[in-house]
2 protein chains.
Amino acid sequence: MERPAAGEGTGRRAGLDRDDVVAAALDLIEQGGAAALSMRKLAAELGVTTNTIYWHVGGRDELLVAAIERLSRDLAAQPVRGRSPRERVLAVARRAWDNAFEHRRATALAHEIGATSLLGLPLEVALAEELEAAGLRGEAVRDALRAILMCTAGFLVVALRRHEEIAPHLRSEVLWADVPADVDPETRAALQAPPDVAALFEATLRSVVASHVPAAPDDPDIPGGPP
Amino acid sequence: MERPAAGEGTGRRAGLDRDDVVAAALDLIEQGGAAALSMRKLAAELGVTTNTIYWHVGGRDELLVAAIERLSRDLAAQPVRGRSPRERVLAVARRAWDNAFEHRRATALAHEIGATSLLGLPLEVALAEELEAAGLRGEAVRDALRAILMCTAGFLVVALRRHEEIAPHLRSEVLWADVPADVDPETRAALQAPPDVAALFEATLRSVVASHVPAAPDDPDIPGGPP
DNA sequence: ACCTGAACACCGTTCAAGT
DNA sequence: ACCTGAACACCGTTCAAGT
């Protein structure tokens, strides 16, 4: 990863532009999370001084936003499939889910710095278009879009933190072993096992989408699985 | 906030115990968020050296967990009201919502360090008890509980970041002004206005709860508002 | 225009020492 | 048992200067 120096001493060109810096930053983030991105580490990776980063993109906050923006562009323009509008709406939400898993560190960072909307904008656009194709307009599109994405965010927040990252004594399943609660032993045992978050997400998503998006002739009336 | 020194020089007693330190830490967090809590600032607040904090509670990570744990205990033991089990289930979720708003900085911190479950454990217990009162057992309790809380988390994540904290150019409503999208002007206009997150939460919550919890004789069949 | 050197004001953490 | 002094290895950011 070391760049060959273009020269020695002060004022020598390193041949970088803003995009190189942002790309390297995104790389560090995807590998080690936001904590792994320090101005000094990034500068070392690029073979320059921290000031070079300030020159090309600005301070750390701007750098983080730029990295999320770059990832957003990389993820845009994936086509959406599905036989009915409702199915395509579901497909967009599932794509949000999949993208978040594939880029979990960047997703977590985006949330931390309040740039979730920036990262998810292409999917918001796709979702709005499919909701219109399903017959919604105006505020109905907005409310359906927000409800779907907020639900997705909630399940994601939990799913992304699955076991590796979280200390054992902070996990709900572990906490339930000792907490005093007036529940059936069978219930307590169930609460000590991790839930199938993906399945719960799919079921909840189907009911939320069904409550906002009218069914096409070939959609099943009761939210179930597609054949 | 300055403590009168119990003496001068090294080795003098400051009269602190672990609880004093954790309480002061929680105070700093609730005022300025996790970023406002540095070991040095907290030590200064208490009139001691940083090492005193290490002695009483340990490093920064342990301190943050201890602060969340303390808040969790403070928030426990609030009784739940409602005429039917389903109404009481809804009431617990609304309490989670209200608590998060009242303690937004601590809630954000709990999420950052993966201690959301620790903070919410008393509410998880209350929710499990009410779900059993509604007739659920075992895995049905767990799945309903997780679905309800993950939904709540998703809407909260968005609602808590409402306008003050987030830079204008990162807000979805602002981004929608310029993004290319093949949607009706009316739809685009709606997407440029902030949604009523609380109302969307209430509606979505009702449908999620209804899908897991059987209705009591006096519950309305179709999710609407209680009289 | 692009980059370096050096410094400032912060961090969390540790070690030895004091009473 | 409880606390301090001093140091280490980090941070982000800024200023003047070099080519």
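This text follows the structure it describes.
These lines cover the structure that appears in this document, whether it is placed above or below.

What counts as what
Residues numbered from 1 in each chain as written. Chains lettered and ligands numbered in written order. Predicted model: local features only at pLDDT ≥ 70, side-chain atom pairs only at ≥ 80, totals over all residues. Heavy atoms only, no water. Helix = DSSP H or I, 4+ residues; strand = E, 2+ residues; numbered from the N terminus. Rg over C-alpha atoms; globule rule 2.2 N^0.38 Å. Buried < 20%, exposed > 50% of the residue type's maximum accessible area, 1.4 Å probe, protein only. Contact = heavy atoms within 4.5 Å. Buried area = accessible area lost by both parts, 1.4 Å probe. Salt bridge = Lys/Arg side-chain N within 4 Å of Asp/Glu carboxyl O. Polar contact = N/O pair within 3.5 Å; in protein donor to acceptor, adjacent residues only side chain to side chain. Phe/Tyr/Trp six-rings, centres within 6.5 Å; stacked < 30°, edge-to-face > 60°. Least-squares fit on C-alpha atoms with pLDDT ≥ 70 in both.

**Quick word on the overall build of chain A**
Each helix and strand in chain A was counted, giving eleven helices and zero strands. In chain A, the order of α-helices and β-strands from amino to carboxyl end is α-α-α-α-α-α-α-α-α-α-α. For chain A, the C-alpha radius of gyration of 22 Å lies well beyond 17 Å, the compact-globule estimate for 227 residues. Taken along the three principal axes of its C-alpha coordinates, chain A extends 70 × 50 × 30 Å. Taken over 227 residues, chain A has a buried fraction of 50%. Within chain A, counting contacts between residues at least 6 apart in sequence, those at least 24 apart form 66% of the total.

**A word on the interface of chain A and chain B**
Contact residues are listed per partner, giving 54 residues for chain A and 54 residues for chain B. Summed over both partners, the interface of chain A with chain B comes to about 4700 Å²; 69% of that surface belongs to carbon and sulfur atoms. Among the residues of chain A in contact with chain B, Arg142(A), Met150(A) and Leu170(A) are the three that bury the most area, contributing 13% of the side total. Along the contact surface separating chain A from chain B lie two salt bridges. The tally of links from chain A across to chain B stands at 20 residue pairs in polar contact (both at pLDDT 80 or more). Listed by contribution, the elements that provide at least two residues to the side of chain A that touches chain B are helix H6 (104–112), helix H7 (116–133), helix H8 (139–160), helix H9 (172–175), helix H10 (185–191) and helix H11 (197–212) of chain A. Among the elements that make up the side of chain A that touches chain B, the one with the highest residue count is H8(A) (14 residues).

**Brief notes about the packing of aromatic side chains**
Residue and element names in this part refer to chain A. Overall, the coordinates contain six aromatic pairs over all chains when judged by the stated rule. Ring centres 5.8 Å apart and planes at 50 degrees place the aromatic pair Phe 155 and Phe 201 in the tilted group. Here Phe 155 is found in helix H8, whereas its partner Phe 201 is found in helix H11, with 46 residues between them in sequence. Summarising the burial analysis for this pair, Phe 155 and Phe 201 share the class buried. Among the aromatic residues, ring-to-ring pairing joins Trp 97, Phe 101, Phe 155 and Phe 201 into one connected group.

**With respect to the relation of the copies chain A and chain B**
Turning chain A through 180 degrees and shifting it by 0.0 Å along the axis lays it on chain B, with an RMSD of 0.0 Å. The operation mapping one copy onto its partner corresponds to a two-fold rotation axis. Closest approach to the rotation axis within chain A is made by the C-alpha atom of Gly154(A), at a distance of 1.6 Å. The fraction of interface residues of chain A whose copies in chain B are also interface residues reaches 100%, indicating that both copies meet through the same surface.

**Here we look at the side chain of Glu124(B)**
Tracing the backbone through its elements, the reader meets Glu124(B) in helix H7 (residues 116–133). Residue Glu124(B) is classed as buried on the basis of its relative accessible area, which comes to 5%. Filtering out sequence-adjacent residues up to four positions away, Glu124(B) remains in contact with Ser172(A), Trp176(A), Ser117(B), Leu145(B), Arg146(B) and Leu149(B).

**Digging into the pattern of salt bridges**
Applying the stated criterion across every chain, the model contains 18 salt bridges over all chains. Of the charged contacts in the structure, one is a salt bridge between Arg137(B) and Asp184(A), with a shortest N-O distance of 3.7 Å. Of this pair, Arg137(B) sits in the loop between H7 and helix H8 (139–160) while Asp184(A) sits in the loop between H9 and H10, placing the two residues on different chains. Overall, Arg137(B) belongs to the partly exposed group, its relative accessible area being 39%. Taking relative accessible area as the criterion, Asp184(A) reaches 27% and is therefore assigned partly exposed. Between Glu165(B) and Arg104(B) there is a salt bridge whose closest N-O contact spans 3.2 Å. Taken together, the residues Glu165(B) in the loop between H8 and helix H9 (172–175) and Arg104(B) in helix H6 (residues 104–112) connect sequence positions 61 residues apart. Exposure remark for Arg104(B): the relative accessible area of 23% places this residue in the partly exposed category. Here the salt bridges do not stand alone but share partners, grouping Glu87(A), Arg94(A), Glu202(A) and Arg206(A) into one network.

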